[in-house]
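Coordinate inspection notes
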Amino acid sequence: MRSTCVSVSVGANPTRLLSEKCTTLSQVRQIHAHIIKTNLVTHALCVAKLVNALSQSSNPYDAVSVFAHALSCFQDMRGIEFSVPSALRACGKSCAFEEGKQIMGFILKTPLWRDPFITNSLVRMCLEVGMIEFARSVFDKMPTRDLISWNSLLSGYLKAGEIEMAREVFEKMPQRDLVSCNAMIDGYGKHGKCELAEEVFMDMGVRDVVTWTSMISAFVLNHQPRKGLCLFREMLSLGVRPDAPAVVSVLSAIADLGFVEEGKWIHTYIFTNKIHHSCSFIGSALINMYAKCGQIENAYLVFRSFYHRRNVGDWNSMISGLAFHGLGREAIGIFRDMERAELKPDDITFLGLLSACNHGGLMDEGQFYFETMQVKYKIVPKIQHYGCIVDLLGRAGRIEEALGVIRDMPFEPDVLIWKAILSASMKHNNVMMGHTAGLRAIELAPQDSSCYVLLSNIYAKAGRWDDVSKVRSMMRKRGVRKIPGCSSILVDGEVHEFLVGKAMDMGYDQSVLSKLEEVVCKLKSEGYEPDLNQVFLDVEEGEKESQLTLHSEKMALAFGLSSIPQGSPIHIVKNLRICCDCHTFMQLVSKIYNRRIIVRDQNRFHHFHKGCCSCRNHW
């Protein structure tokens, strides 16, 4: 075993030792002892080096203690300015605000108060310990402010989530640099203000890779994946080499869109330019992209190629990808491989595993792994884990047991848990429970249209049209609009979108409707009967059938049958959950037309082939 001791000779220069040989806390402490023994504690440069080294160690508070001791030993203050920034950094890292205030009191009594390097360190210390108002007070009183002063305050506000205060500082800045603008783009993006981030981006005369990455990430975070992908292409066309975070963001954008062709090109780009060597998240991002684009086999190949890295994130992405495809037993197999490899799972691992059991209808396995995470791995379940169990029980019709889990969990149920009960009530015709769950969900998320729609549908299914009217009236009064069904399909490199009843590109409208009418006639001749129970409107049966026929995924399918050659799969992405009638429709088309159809809805994938679906009618 290699020794961690530092050989300190009598004539050794402590400053050189701290610069050259010091790599661990124990080594710093050995040199500290040497400094005390040789009475070098009054040597300003030695103290500055020591305080700096300790401030960056695993126990930064030691730096504060050394600084305080040195301060009491110094006979004059010459050279003390070299130690103060490191001592303040140590206070920030140690959350030692009281000690930081004492150092501030010392600064105020000396000419150091006029040194921007010192006062900037003081502002950063206050921000580090969360004393935002105190930092602003220090900033406002500073005799001299430079660009670093403004950027420090700006970054502190952004880190604390004070986006409006950050905006005020940004607009008042006498000058801005790349750091200022990049921080603001990132902050706006993370706080849902993508338009403002775009304004800052467009106003910049000079941009670096961080600028482009921040703007791409802002688009992706704010559910504008196409804009993120377009900006990435523009970045490449201008010769800007993307960094790993930019690549991860654009892979996320492609995963959101659900179409793999661009993803395959970026996969090649990553390996050609060896970007995967610089970031541990690349593997997870690639696995996630392929899984969400419907190519779970390619996701598995990427997973195997990164297997040797032993990165838990890669395993988590693979388990979650299998869950999204309803491949519960395969996800359990990956988890068992993970255990055999002696990799320790985390809470995200079990969230993916429970989701896999949920989508696969594996009741016993889901309950077993919920217990395993707590008993074997000592992981405390979060509300998302409880949500998976509630959903699993609810789908199986065990609603009372699901309610028991809700009563016993150490959290107040959130809107997702009540929506799981609401969906289960809808599936199993439990109007009373659906009524209770629906009102709870609406109370928690009054602007979430899906809560109102689910409750309205439960009433409609039970023929309670007065209650349906009350729910719709509530939506109108609150300004809540139902999200229309929208389905996308990629043909010849171009994405085509269909809303309920119409094509986004009106040029396709009539041809799609004609093809759809032809398909419906053919399916009816083979025994297809539209499930009118899926139309939750108080209208005549003929109108109900017309409503069903014009669902967006059926229109996308009709377009795909006309445009995609036989032998190639038809890949559709839908923004909402596929309804039972459309599910049956897809199964029959896959059999009668001998086509592979892949549908990604709001919750999961459905692979239709020869009249069967991968979900085994459990979704």
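Definitions and limits used
- Residues numbered from 1 in each chain as written.
- Predicted model: local features only at pLDDT ≥ 70, side-chain atom pairs only at ≥ 80, totals over all residues.
- Heavy atoms only, no water.
- Patch = residues over 30% accessible without salt bridge, like charges linked within 9 Å, V, L, I, M, F, W, Y side chains within 5 Å.
- Areas by Shrake-Rupley, 256 points an atom, 1.4 Å probe, with all protein chains shown as cover.
- Salt bridge = Lys/Arg side-chain N within 4 Å of Asp/Glu carboxyl O.
- Lys, Arg positive; Asp, Glu negative; His and termini not counted.
- Charge placed at Lys NZ, Arg CZ, Asp CG, Glu CD.
- Helix = DSSP H or I, 4+ residues; strand = E, 2+ residues; numbered from the N terminus.
- Buried < 20%, exposed > 50% of the residue type's maximum accessible area, 1.4 Å probe, protein only.
- 1 Å grid on protein atoms, 1.4 Å probe; cavity = no way out; pocket = protein on both sides within 12 Å on 5 of 7 lines; lining within 4 Å.
- Points joined across faces, edges and corners; volume = space filled by probe spheres on them.
- Nonpolar A, V, L, I, M, F, W, Y, C, P; charged D, E, K, R; others polar.
- Axes fitted to C-alpha atoms, helices over the stretch in contact; angles between N-to-C directions.
- Parallel < 35°, antiparallel > 145°, perpendicular 65-115°, else oblique.
- Contact = heavy atoms within 4.5 Å.
- Expected span 1.5 Å × (residues − 1).
- Left-handed = near helix turned anticlockwise from the far one by under 90°.
- Pairing = 2+ DSSP bridges.
- Phe/Tyr/Trp six-rings, centres within 6.5 Å; stacked < 30°, edge-to-face > 60°.
- Lys NZ or Arg CZ within 6 Å of the ring centre and 35° of its normal.
- Core = buried A, V, L, I, M, F, W, Y, C linked by side-chain atoms within 4.5 Å.

**Some remarks on a positive patch on the surface**
Positive charge collects at one region of the surface, where Arg 472, Arg 476, Lys 477 and Lys 482 lie side by side. Turning to its location among the elements, Arg 476 is positioned in helix H28 (residues 465-478). The exposure class of Arg 476 is exposed, given its relative accessible area of 62%.

**Considerations on the layout of surface pockets**
The probe, sized like a water molecule, is rolled over the atoms to show the empty space still left. Space inside the second largest pocket adds up to approximately 480 Å³. Together, 24 residues line the second largest pocket, and Cys 293, Gln 295, Pro 569, His 571 and Ile 598 are the ones closest to its centre. Elements with a contribution of two residues or more to the lining of the second largest pocket: helix H18 (296-305), strand S1 (486-491) and strand S4 (570-574). In the lining of the second largest pocket, the residues fall into 11 nonpolar, 9 polar and 4 charged.

**Details of the packing of helix H17 (residues 281-292) against helix H19 (residues 312-324)**
Where H17 contacts H19, the two axes come as close as 8 Å, and the packing angle between them is 5°. One element, H17, and the other, H19, form an angle in the roughly parallel class. On the side of H17, the interface is formed by Gly 283, Ser 284, Ile 287, Ala 291 and Lys 292, while H19 contributes Gly 313, Asp 314, Ser 317, Met 318, Gly 321 and Phe 324. Grouping the constituent residues of the contact of H17 with H19 by class yields 4 nonpolar, 5 polar and 2 charged.

**Considerations on helix H25 (residues 415-427)**
Look at H25: 18 Å from first C-alpha to last across 13 residues, which is about the 18 Å you get at 1.5 Å a residue. Taking burial as the measure, the 13 residues of H25 include 10 buried ones, the bulk of the element. Listed as buried for H25 are Val 415, Ile 417, Trp 418, Lys 419, Ala 420, Ile 421, Leu 422, Ala 424, Ser 425 and Met 426. Elements that come into contact with the buried residues of H25 comprise helix H23 (383-395), helix H24 (399-408), helix H26 (431-444) and helix H27 (449-461). Looking one or two residues past H25, Asn 429 carries a phi angle of roughly 55°, positive in sign.

**Regarding the packing of H25 against H26**
As a packed pair, H25 and H26 sit with axes 8 Å apart at the nearest point and diverge in direction by 155°. With respect to their mutual orientation, H25 and H26 come out roughly antiparallel. In the packing of H25 onto H26, the handedness of the crossing is left-handed. Within the contact between the two elements, H25 uses Val 415, Trp 418, Lys 419, Ile 421, Leu 422 and Ser 425 and H26 uses Met 433, Gly 434, Ala 437, Gly 438, Arg 440, Ala 441 and Leu 444. The class makeup of the residues in the contact of H25 with H26 is 8 nonpolar, 3 polar and 2 charged.

**Re the pairing of strand S2 (residues 494-499)**
Pairing of S1 with S2 involves 6 bridges; the strand directions are antiparallel. Across the sheet, residue Val 491 finds its bridge partner in S2, namely Glu 494. The hairpin turn running from S1 into S2, its antiparallel successor, is 2 residues long, and Asp 492 in that turn takes a positive phi close to 55°.

**Here we look at the packing of aromatic side chains**
Applying the stated rule across the entire model yields 16 aromatic pairs. Ring geometry for Tyr 528 against Phe 585: centres 5.6 Å apart, planes inclined by 75°, an arrangement best described as edge-to-face. Here the residue Tyr 528 occupies a position in the loop between helix H29 (509-525) and helix H30 (541-549), and Phe 585 occupies one in helix H32 (residues 580-592), the gap between them amounting to 57 residues. With respect to burial, Tyr 528 and Phe 585 carry one shared label: buried. By the ring-pair criterion, three or more aromatic residues cluster together here, those being Phe 335, Phe 350, Phe 368, Tyr 369 and Tyr 377. Directly above the aromatic system of Phe 139 lies the positively charged group of Arg 145, at a separation of 4.7 Å from the ring centroid. Note that Lys 522 overlies the ring of Tyr 593, its terminal NZ or CZ placed 4.6 Å from the centroid.

**Overview of empty space enclosed by the protein**
Under the criterion given, the structure shown has 1 cavity of 30 Å³ or more. Around the largest cavity, the lining residues are Val 520, Tyr 528, Pro 530, Glu 545, Leu 548, Thr 549, Lys 554 and Asp 581. In terms of residue class, the lining of the largest cavity is made up of 4 nonpolar, 1 polar and 3 charged.

**Concerning helix H5 (residues 84-93)**
Within H5, 8 of the 10 residues are buried, leaving the element largely enclosed by the surrounding structure. Burial in H5 covers these residues: Val 84, Pro 85, Ser 86, Ala 87, Leu 88, Ala 90, Cys 91 and Gly 92. Positive backbone phi, at 55°, marks Cys 95, one or two positions downstream of H5.

**Some words on the environment of Ser 449**
Along the polypeptide, Ser 449 turns up in helix H27. Since its relative accessible area comes to 7%, Ser 449 is described here as buried. Sequence separation between Ser 449 and Gly 479 is 30 residues; the distance between their C-alpha atoms is 9.8 Å.

**What to know about the nonpolar core**
Within the largest apolar cluster, 161 residues are counted, with the highest numbers of intra-cluster contacts made by Val 84, Ile 107, Leu 154, Met 215, Met 289 and Ile 421. No other element matches helix H15 (residues 244-257), which puts 9 residues into this core. Each residue touching Ile 421, except ones within four places of it in the same chain, is listed here: Val 390, Ala 402, Leu 403, Ile 406, Met 433 and Ala 437. Among the nonpolar cores identified, the runner-up in size contains 31 residues, and Met 555, Phe 559, Ile 570 and Met 586 belong to it.

**Description of the pattern of salt bridges**
Enumeration according to the criterion identifies 21 salt bridges in this entry. The partner of Lys 382 in a salt bridge is Asp 347, and the shortest N-O contact between them spans 2.9 Å. Note that Lys 382 is positioned in the loop between helix H22 (363-375) and H23 and Asp 347 in helix H21 (residues 347-360), a separation of 35 residues in sequence. For Asp 347, a relative accessible area of 21% corresponds to the partly exposed category. Asp 581 serves as the salt-bridge partner of Lys 554, at 2.7 Å between the closest nitrogen and oxygen. Residue Lys 554 is located in helix H31 (residues 552-563), and its partner Asp 581 is located in helix H32; the two are separated by 27 residues in the primary sequence.

From the geometry alone we can't say anything about function, so treat these as descriptive.
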